[in-house]
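# Topology and contacts: notes
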Amino acid sequence: MDMIVTPTGRLNGEIQALSSKNYTTRYLLVSALAEGTSTILYPAHSEDGEAMRRCIRDLGAVVEEDEEKIVITGFGRSPRPTKELDVGNAGAVLRFIMSVAALLPEVHFVNTYPASLGKRPHDDLIAALESMGVRIEHQNGRLPMTIRGGNPRGGKIQVSGSVSSQFLSSLLFLTPLLDEDSEIEVLHDLKSKVVVGQTLEVLEQAGIVIEASEDLMRYRVPGRQKYKAQTYTVQGDYPGSAAILAAAAVTESDVVVHRLKEDSKQGERAVVDVLRAMKVPLTHEGGIVHVKGNGRLTAGEFDGDEFTDGVLAMVAAAVFAEGTSRFYNVENLRYKECDRITDYLTELRKAGARVEEKRDEIIVHGRPEGVEGGVEIDAHYDHRVIMALTIVGLRSARPIRIKDAHHVAKSYPIYFDHLKSLGAQVEWTS
Ligand SMILES: O=C(O)C1=C[C@@H](OP(=O)(O)O)[C@@H](O)[C@H](O)C1
Ligand SMILES: C=C(OP(=O)(O)O)C(=O)O
């Protein structure tokens, strides 16, 4: 399905932020790793959430759900042997479940998105799991993959953090269940470091004890721990809401987004400060962000690694800012659903934006006068490219058509419903 985005000058109204993708995947996982029955309130309904549900079910968790909650009876440290798992296009789900698979004799991971997740590298996690005695057959670090484990060793474990924080998070979920204590050392840099804070928060809520160094590069993990069954409440999602807030920032608007906790551990919470630094009129109080956009923005310079899943939306806002913006320290955007630097900038340029790339940087020469539009955009299977190009389309001279925009459902199936309820002219077409 394609989406036609017609220029829209005004957005007005209130929405409830969707539920957080990253907390939903984590709560599903720790509930599966517990032996009793856990409840997750307000889980995210999206393809990635569904992928995690499917995997933990296949691994033996009992999952019952209605609109507002999921009740899960976990398998503890004894997942049910299963031949094959399908993680869809969900990177975090694949990486987290690879460690669960290490507890089983043989699990095969299929490659259902060869042009997206199928291109993403997992070498650093593969190397760490291999050092723990797990055997892995893979295609040059990529899917499809077969994991042969059983009883992985703890002890000293090293993992690189220079491509993705998900490799470290994955090991942090696994190591408490091992017979031995573990010491995890992160090699090189740790990208998306803030997300690891979410992993540690969820582990603590699940009753797991981990000692982390202040810089998050070293961990002591006692073995033989048990995940406790709990009730978890999922908070609102900043990465998805970042796109709504950016849409409000580039138009004349009066837009309110509820359920965005000021003290959230989501790094993308920083998008509120980014928009503020771009001089967008907004307030953030009591979990409510209120944007009163006037369409005027000022360029700025930002460390994008602090809000990795919000960068594309902020770049889309910067397309209309006065001056040149820089988003630096963003190389790992190249290893996401698509190359979020080269592929994304190609699509932005088609729409008329003036953008440049370096290996680890996006540079945007703002065009406050607006862009041409009138083009067809390739979504590259990437929900965040779809959301970001929609923002650009709202302020183009002519409509843009986003091909295969249904991939937005990876994280935010009701993105276009939300925008429409705010007055955006967006229409599905086949
Ligand atoms: O741990 C997680 O749930 C995630 C970590 C981040 O990935 P990287 O660590 O690969 O940057 C983020 O982009 C992704 O959407 C979710
Ligand atoms: C990169 C993302 O997700 P994942 O790595 O889990 O596929 C994302 O949600 O933008």
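In this text the structure is predicted, and so the values were computed from the model without any measurement.

## Concerning the UniProt feature "binding site: phosphoenolpyruvate" (unreviewed entry) in the protein chain
The positions that UniProt labels "binding site: phosphoenolpyruvate" (unreviewed entry) are, in the present scheme, Lys-21, Gly-91, Arg-120, Gln-166, Arg-340, Arg-384 and Lys-410. Here Arg-120 is to be found in the loop between β7 (107–109) and α4 (123–131). Ignoring sequence-local partners within four residues, the contact set of Arg-120 consists of Asn-89, Gly-91, Arg-95, Gly-141, Arg-142, Tyr-335, Lys-336 and Glu-337. Here Lys-410 is to be found in the loop between β25 (400–402) and α12 (415–421). On the accessibility criterion, Lys-410 (3% relative accessible area) is buried. Setting aside residues no more than four positions away along its own chain, Lys-410 makes contact with Lys-21, Ser-46, Glu-47, Asp-48, Asn-89, Ala-90, Gly-91, Glu-337 and His-383. A distance of 3.5 Å separates a polar atom in the side chain of Lys-410 from the backbone oxygen of Asn-89.

## A look at the sheet that holds strand β20 (residues 354–358)
Strand order across the open sheet formed by four strands is β18-β19-β21-β20, with mixed pairing between neighbours. The outermost strands of the open sheet, each flanked by one partner alone, are β18 (301–303) and β20. Neighbouring strand axes in the sheet, compared pairwise and without regard to direction, differ in orientation by 15° on average. Relative to strand β21 (residues 361–365), strand β19 (residues 324–328) is paired through five bridges, and the arrangement is antiparallel. Looking across to β21, one finds that Phe-327 is bridged to Ile-362. Lying over the sheet, helix α10 (residues 342–351) contacts β20 and β21, oriented at roughly 165° with respect to β20.

## Side note on the site of ligand 2
The local shell around ligand 2 holds 14 residues, among which Lys-21, Gly-91, Arg-120, Arg-384 and Lys-410 are the closest. Between ligand 2 and Ala-92, the relevant distance is 2.9 Å, taken from an oxygen atom to a main-chain nitrogen or oxygen of the residue. Contact distances for ligand 2 include 3.0 Å between an oxygen atom and a side-chain N or O atom of Arg-340. Coverage of ligand 2 by the protein chains reaches 99% of its 300 Å² of free accessible surface. Put simply, the parts of the chain that give the shell around ligand 2 at least two residues each are α3 (91–101) and α11 (383–394). Along the lines of polarity and charge, the residues of the shell around ligand 2 split into two nonpolar, four polar and eight charged.

## A word on the site of ligand 1
As a matter of local geometry, ligand 1 sits amid 14 residues, with Ser-164, Ser-165, Ser-192, Asp-309 and Lys-336 nearest to it. A distance of 2.7 Å separates an oxygen atom of ligand 1 from a polar atom in the side chain of Arg-26. Contact between ligand 1 and Ser-165: an oxygen atom at 2.6 Å from a side-chain N or O atom of the residue. If ligand 1 stood free it would expose 390 Å²; the protein chains cover 95% of that surface. Per-element accounting of the shell around ligand 1 gives the leading share, three residues, to helix α1 (residues 21–32). In terms of residue class, the shell around ligand 1 is made up of three nonpolar, seven polar and four charged.

## A look at the pattern of salt bridges
The final tally for this structure, using the stated rule, is 34 salt bridges. Arg-148 is the salt-bridge partner of Glu-137, the closest N and O atoms lying 3.0 Å from each other. Residue Glu-137 is found in strand β8 (residues 135–139), and its partner Arg-148 is found in strand β9 (residues 142–148); the two are separated by 11 residues along the sequence. With a relative accessible area of 22%, Arg-148 lands in the partly exposed category. Taking the shortest distance from any N to any O, the salt bridge between Glu-372 and Arg-398 comes out at 3.6 Å. Placement of the pair is Glu-372 in strand β22 (residues 371–373) and Arg-398 in strand β24 (residues 396–398), with a sequence separation of 26 residues. Salt bridges here are not isolated pairs; linked through shared partners, they connect Lys-21, Asp-48, Arg-120, Asp-309, Glu-337, Arg-340, Asp-382, Arg-384 and Lys-410.

## A look at the packing of aromatic side chains
One pass over the full model with this rule turns up eight aromatic pairs. Aromatic side chains Phe-302 and Phe-327 sit 5.5 Å apart centroid to centroid with 35° between the ring planes, which places their arrangement in the tilted category. Here Phe-327 lies in strand β19 and Phe-302 lies in strand β18, a separation of 25 residues in the sequence. Pairwise contacts between aromatic rings join Tyr-412, Tyr-415, Phe-416 and Trp-428 into one cluster.

What counts, and at which threshold
- Position numbers for residues start from 1 in each chain and track the written sequence from start to end.
- Here the convention is simple: chains get letters from A, ligands get numbers from 1, in the order in which they are written.
- With the structure being a predicted model, the display of local features is reserved for residues of pLDDT at least 70 and the display and counting of side-chain atom pairs for 80 or more, all residues being used for whole-chain, interface and lining totals.
- Calculated side-chain values reflect all of the structure's heavy atoms, with hydrogen atoms and water omitted.
- UniProt positions are given in the numbering used here, feature names are shortened, and annotations may be inferred rather than shown by experiment.
- Helical segments are the DSSP runs of H or I of at least four residues, strand segments are the runs of E of at least two, and each set is numbered from the N terminus.
- Here a residue-residue contact requires only that any non-hydrogen atoms of the pair lie within 4.5 Å.
- For the exposure calls, accessible area comes from a 1.4 Å probe over protein chains only, and a residue counts as buried if that area is under 20% of its type's maximum, exposed if over 50%, partly exposed in between.
- Within 3.5 Å is the distance limit for a polar contact, defined as a pair of N or O atoms, with the added protein rule that one can donate a hydrogen and the other accept it, and that residues adjacent in sequence qualify only through two side-chain atoms.
- Pairs of strands are assigned from DSSP output, requiring at least two bridges between the strands.
- Only C-alpha atoms enter the line fits that serve as axes; for helices the fit covers just the stretch in contact. Angles between N-to-C directions range over 0 to 180 degrees.
- Nearness of a residue to a molecule or strand requires only that one of the residue's heavy atoms be within 4 Å of it.
- Surface exposure here means Shrake-Rupley accessible area, sampled with a 1.4 Å probe, where a residue is shielded only by the protein chains that are shown.
- Residue polarity follows a fixed list, in which Ala, Val, Leu, Ile, Met, Phe, Trp, Tyr, Cys and Pro are nonpolar, Asp, Glu, Lys and Arg are charged, and the others, Gly among them, are polar.
- Salt bridge criterion: a side-chain nitrogen from Lys or Arg within 4 Å of a carboxyl oxygen from Asp or Glu.
- Pairing of aromatic side chains here covers Phe, Tyr and the six-membered ring of Trp, requires ring centres within 6.5 Å, and sorts the geometry by plane angle: under 30 degrees stacked, over 60 edge-to-face, intermediate tilted.

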